[in-house]
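The chain contents come next:
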Amino acid sequence: MDSIKTFLREEEGVGTVEIILILVVLISLVLIFKEQLTSIVNTIFSKITSQSNSV
């Protein structure tokens, strides 16, 4: 039980700045590869639709 209390009191870990930096990187990657991601998602959905009709 003491180890749980110690873990909860510990202040080390991922800080707000690190979370914001990770979010900025992820959002920028999505914006950079938006067209490619849209194309991949459309292709996947079209395959799902065509294969679901055959079932």
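Structure: see above.
Only a predicted model underlies this, so the values are computations on that prediction, with no experimental measurement involved.

**Some remarks on the overall build of the protein**
- Within the protein, the regular secondary structure consists of three helices and zero strands.
- The helix and strand sequence of the protein, counted from the amino end, reads α-α-α.
- Relative to its 55 residues, the protein shows a buried fraction of 0%.
- If you sum the accessible surface of the protein, you get close to 5,500 Å²; carbon and sulfur atoms cover 67% of it.

**So, a nonpolar patch on the surface**
- Together, Ile 19, Ile 22, Leu 23, Val 25, Leu 26, Ile 27, Leu 29, Val 30, Leu 31, Ile 32, Phe 33 and Leu 37 line one region of the surface with nonpolar side chains, adding up to about 1,100 Å² of accessible area.
- The biggest single contributor to the nonpolar patch is helix α2 (residues 16-32), with ten residues.
- Tracing the chain through its elements places Leu 23 in helix α2.

**As for the packing of α2 against helix α3 (residues 34-53)**
- Close contact between α2 and α3 brings their axes to 4 Å; oriented N to C, the two are set at 70°. By the angle between their axes, α2 is roughly perpendicular relative to α3. Residues Val 30, Leu 31 and Ile 32 of α2 lie in contact with α3, whose contacting residues are Lys 34, Gln 36 and Leu 37.
- When its residues are assigned to classes, the contact of α2 with α3 shows four nonpolar, one polar and one charged.

Basis of the calculations
Residues numbered from 1 in each chain as written. Predicted model: local features only at pLDDT ≥ 70, side-chain atom pairs only at ≥ 80, totals over all residues. Heavy atoms only, no water. Helix = DSSP H or I, 4+ residues; strand = E, 2+ residues; numbered from the N terminus. Buried < 20%, exposed > 50% of the residue type's maximum accessible area, 1.4 Å probe, protein only. Areas by Shrake-Rupley, 256 points an atom, 1.4 Å probe, with all protein chains shown as cover. Patch = residues over 30% accessible without salt bridge, like charges linked within 9 Å, V, L, I, M, F, W, Y side chains within 5 Å. Salt bridge = Lys/Arg side-chain N within 4 Å of Asp/Glu carboxyl O. Axes fitted to C-alpha atoms, helices over the stretch in contact; angles between N-to-C directions. Parallel < 35°, antiparallel > 145°, perpendicular 65-115°, else oblique. Contact = heavy atoms within 4.5 Å. Nonpolar A, V, L, I, M, F, W, Y, C, P; charged D, E, K, R; others polar.

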